[in-house]
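Here are the chains, one letter per residue:
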Amino acid sequence: MTMSEQESLRCSSARNRGGVQRVEGKLRASVEKGDYYEAHQMYRTLFFRYMSQAKHAEARELMYNGALLFFSYNQQNSAADLSMLVLEVLEKSEAKVEDEILENLAKLFSQMDQNSPERVAFVSRALKWSTGGSSKLGHPKLHQLLAVTLWKEQNYSESRYHFLHSSDGEGCAQMLVEYSASRGFRSEVDMFVAQAVLQFLCLKNKNSASVVFSTYTEKHPSLEKGPPFVQPLLNFIWFLLLAVDGGKLTVFTVLCEQYQPSLKRDPMYNEYLDRIGQVFFGVPPKQSPSYGGLLGNLLNSLMGSGEEDDVGEEAQEDSSPIELD
């Protein structure tokens, strides 16, 4: 590109930005006067005009700022509609995933009514876009941003789900400490982190499994410092993480046998360990019927068609997800 072409491109971009700012000024004035319906329709008209002209950046910026404006006036329906149009621009323009875009999407999510169906639809569509429309479970960075938002809302179970699909073991541990302290029984303090570690390992995320365990056991006010720990289940998890690093099946097998009394506290533990045996120790999958009901749904959400492809060397490449109806 020649110098004159570059200069022309810069001038064109500046003109477009100036045009967007002028339009936004008029729309803001309509909203401030309380003409919400009229302003909403103007935003939609401009969206389709910009899209027909392939002005994707301008369309996205206008819809994003418009959504935030409507949120500030508690116009949830209009704001949610423009938020969906932000996603439509991203999908149709095949925009690259960038941190700034992910942060913008998380901000829109944080402004939405916590109980609205639009919020559920928005997050599902945003996660799908973030992985190029594939069947994966979403970009780890977006999951992390969503998890933090839900944590602030004290929606711990949903926050926990998104942390599991992020790479933020430390943040997950800090959330679990708060979750356990505010909602859990003292007798279950070890179970909060055990479940998270086992699920991270099922998702082949060994690093986050280690970080969530070390951070949780260090920061939880009800736990004495270890290892070794007072709670047998925590000792099992500690030994398991060491065994995963070593990759020796005999160690894994003996460990699971020795700690069966602790593992029987939750019927899901042995299901997770079956999967961990396949992933890290080369154990062949059990020939058993597909799981159904709540158990099947949980395993499917963790280990089904949305598995991450970034498998470490320790994982078996031919390890298939648990098939579910």
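Scoring rules and cut-offs
- Residues numbered from 1 in each chain as written.
- Predicted model: local features only at pLDDT ≥ 70, side-chain atom pairs only at ≥ 80, totals over all residues.
- Heavy atoms only, no water.
- UniProt positions renumbered as here; feature names shortened; annotations may be inferred.
- Core = buried A, V, L, I, M, F, W, Y, C linked by side-chain atoms within 4.5 Å.
- Buried < 20%, exposed > 50% of the residue type's maximum accessible area, 1.4 Å probe, protein only.
- Helix = DSSP H or I, 4+ residues; strand = E, 2+ residues; numbered from the N terminus.
- Contact = heavy atoms within 4.5 Å.
- Salt bridge = Lys/Arg side-chain N within 4 Å of Asp/Glu carboxyl O.
- Phe/Tyr/Trp six-rings, centres within 6.5 Å; stacked < 30°, edge-to-face > 60°.
- Axes fitted to C-alpha atoms, helices over the stretch in contact; angles between N-to-C directions.
- Parallel < 35°, antiparallel > 145°, perpendicular 65-115°, else oblique.
- Nonpolar A, V, L, I, M, F, W, Y, C, P; charged D, E, K, R; others polar.

The protein chain goes by Golgi to ER traffic protein 4 homolog in an unreviewed UniProt entry, where it is assigned to Sparus aurata. Annotation of the protein chain in UniProt includes, under Subcellular location (unreviewed entry), the sentence "Cytoplasm, Cytosol". Its UniProt record, at the heading Sequence similarities (unreviewed entry), says of the protein chain: "Belongs to the GET4 family."

A. Just the nonpolar core, in detail. Val-197, Leu-201, Tyr-216, Phe-236, Leu-240, Leu-273 and Ile-276 are the most contacted members of the largest nonpolar core, which has 50 residues in total. Listed by contribution, the elements that provide at least two residues to this core are helix H7 (140–152), helix H8 (156–164), helix H9 (169–183), helix H10 (189–202), helix H11 (206–219), helix H12 (232–246), helix H13 (249–258) and helix H15 (268–281). Per-element accounting of this core gives the leading share, 11 residues, to H10. Those residues within four positions of Val-197 in sequence are excluded, and the remaining contacts are Ala-209, Val-212, Phe-213, Ile-237 and Leu-241. Listed in part, the 43 residues of the second largest apolar core include Met-63, Leu-85, Leu-87 and Val-123.

B. Representation of H10 within the structure. The element H10 is largely enclosed, with a buried count of 13 among its 14 residues. Following H10 by one or two positions, Lys-204 adopts a phi angle in the positive range, close to 65 degrees.

C. Structural detail: the pattern of salt bridges. Considering all chains together, one arrives at 6 salt bridges under this definition. Note that Arg-119 is salt-bridged to Glu-153, the shortest N-O span being 2.6 Å. On the criterion of sequence distance, the pair formed by Arg-119 in helix H6 (residues 117–130) and Glu-153 in the loop between H7 and H8 is long-range, its members being 34 residues apart. A salt bridge links Arg-265 to Asp-190, with the nearest nitrogen and oxygen atoms 2.6 Å apart. Of the two residues, Arg-265 sits in the loop between helix H14 (260–263) and H15 while Asp-190 sits in helix H10, which places them 75 residues apart along the sequence. In this structure Arg-265 comes out as partly exposed when scored by relative accessible area, which is 35%. A residue is classified by how much of its surface remains accessible, and Asp-190, at 3% relative accessible area, is buried.

D. Representation of the packing of aromatic side chains in the model. The tally for this structure, following the rule as stated, stands at 11 aromatic pairs. Judged by centre distance (4.9 Å) and plane angle (15 degrees), the rings of Tyr-156 and Tyr-179 are stacked. One end of the pair, Tyr-156, is in helix H8; the other, Tyr-179, is in helix H9, with 23 residues separating them in the sequence. With respect to class, Tyr-156 is no different from Tyr-179; both count as buried. One aromatic cluster in this structure is built from Phe-236, Trp-238, Phe-239 and Tyr-259.

E. A look at the packing of helix H5 (residues 99–111) against H6. Relative orientation of the contacting elements H5 and H6 amounts to 170 degrees, with a least axis distance of 10 Å. Between H5 and H6, the interaxial angle falls into the category roughly antiparallel. Contacts between H5 and H6 pair Ile-101, Leu-102, Leu-105, Leu-108, Phe-109 and Ser-110 from the former with Arg-119, Phe-122, Val-123, Ala-126, Trp-129 and Ser-130 from the latter. Taken together, the residues of the contact of H5 with H6 sort by class into 9 nonpolar, 2 polar and 1 charged.

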